[in-house]
Amino acid sequence: DEARRRGLVLSDELRDYVLHHFSRDLGSLMKLLERADAFALSRKRALTVPLLRQMLADEAAAGDVE
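Residues numbered from 1 in each chain as written. Predicted model: local features only at pLDDT ≥ 70, side-chain atom pairs only at ≥ 80, totals over all residues. Heavy atoms only, no water.

**Comments concerning the overall build of the chain**
Then, in step 1: A tally of regular secondary structure across the chain gives four helices and zero strands.
Then, in step 2: When the helices and strands of the chain are placed in sequence order, the string is α-α-α-α.
Then, in step 3: Compactness check: the chain gives a C-alpha radius of gyration of 11 Å against a globular reference of 11 Å for 66 residues, within 12% of the reference.
Then, in step 4: Expressed along its principal axes, the backbone C-alpha trace of the chain runs to roughly 30 × 30 × 20 Å.
Then, in step 5: Taken over 66 residues, the chain has a buried fraction of 26%.
Then, in step 6: Considering only contacts within the chain whose residues lie at least 6 apart along the sequence, 53% involve residues at least 24 apart.
Then, in step 7: Surface exposure of the chain reaches about 4700 Å², of which carbon and sulfur atoms provide 53%.
Then, in step 8: Looking at the chain, you have 11 positive and 12 negative side-chain charges, and the mean spots of the two groups are 3 Å apart. (Helix = DSSP H or I, 4+ residues; strand = E, 2+ residues; numbered from the N terminus. Rg over C-alpha atoms; globule rule 2.2 N^0.38 Å. Buried < 20%, exposed > 50% of the residue type's maximum accessible area, 1.4 Å probe, protein only. Contact = heavy atoms within 4.5 Å. Areas by Shrake-Rupley, 256 points an atom, 1.4 Å probe, with all protein chains shown as cover. Lys, Arg positive; Asp, Glu negative; His and termini not counted. Charge placed at Lys NZ, Arg CZ, Asp CG, Glu CD.)

Written out as structure tokens, the structure reads:
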């Protein structure tokens, strides 16, 4: 899958969170994965639910939410 190709380890908690809070269409999920991957890399942290929430809060504050 795309996450593995990028070298991302997605915990069950993160997968469940994404599937329950975001659109399940492939295009939207791929865009979310790209943004989350870049955000995690920029902070040199593993992708977790709290980090994903921080990314979303930062995007909302900047007005970058799709």
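On we go from here.
**Thoughts on the packing of aromatic side chains**
Then, in step 1: This model, assessed by the stated rule, comprises one aromatic pair.
Then, in step 2: Measuring from centroid to centroid gives 6.2 Å for tyrosine 17 and phenylalanine 22, while their planes differ by 65 degrees, and the two rings are edge-to-face.
Then, in step 3: In this structure phenylalanine 22 comes out as partly exposed when scored by relative accessible area, which is 24%. (Phe/Tyr/Trp six-rings, centres within 6.5 Å; stacked < 30°, edge-to-face > 60°.)

**So, the confidence of the model for the chain**
Then, in step 1: In the predicted model, the chain carries a mean pLDDT of 90, and the fraction of residues at 70 or more is 97%.
Then, in step 2: By mean pLDDT, helix α1 (residues 2-5) is the weakest element of the chain at 79, and helix α4 (residues 49-62) is the strongest at 95. (pLDDT = per-residue confidence, 0-100.)

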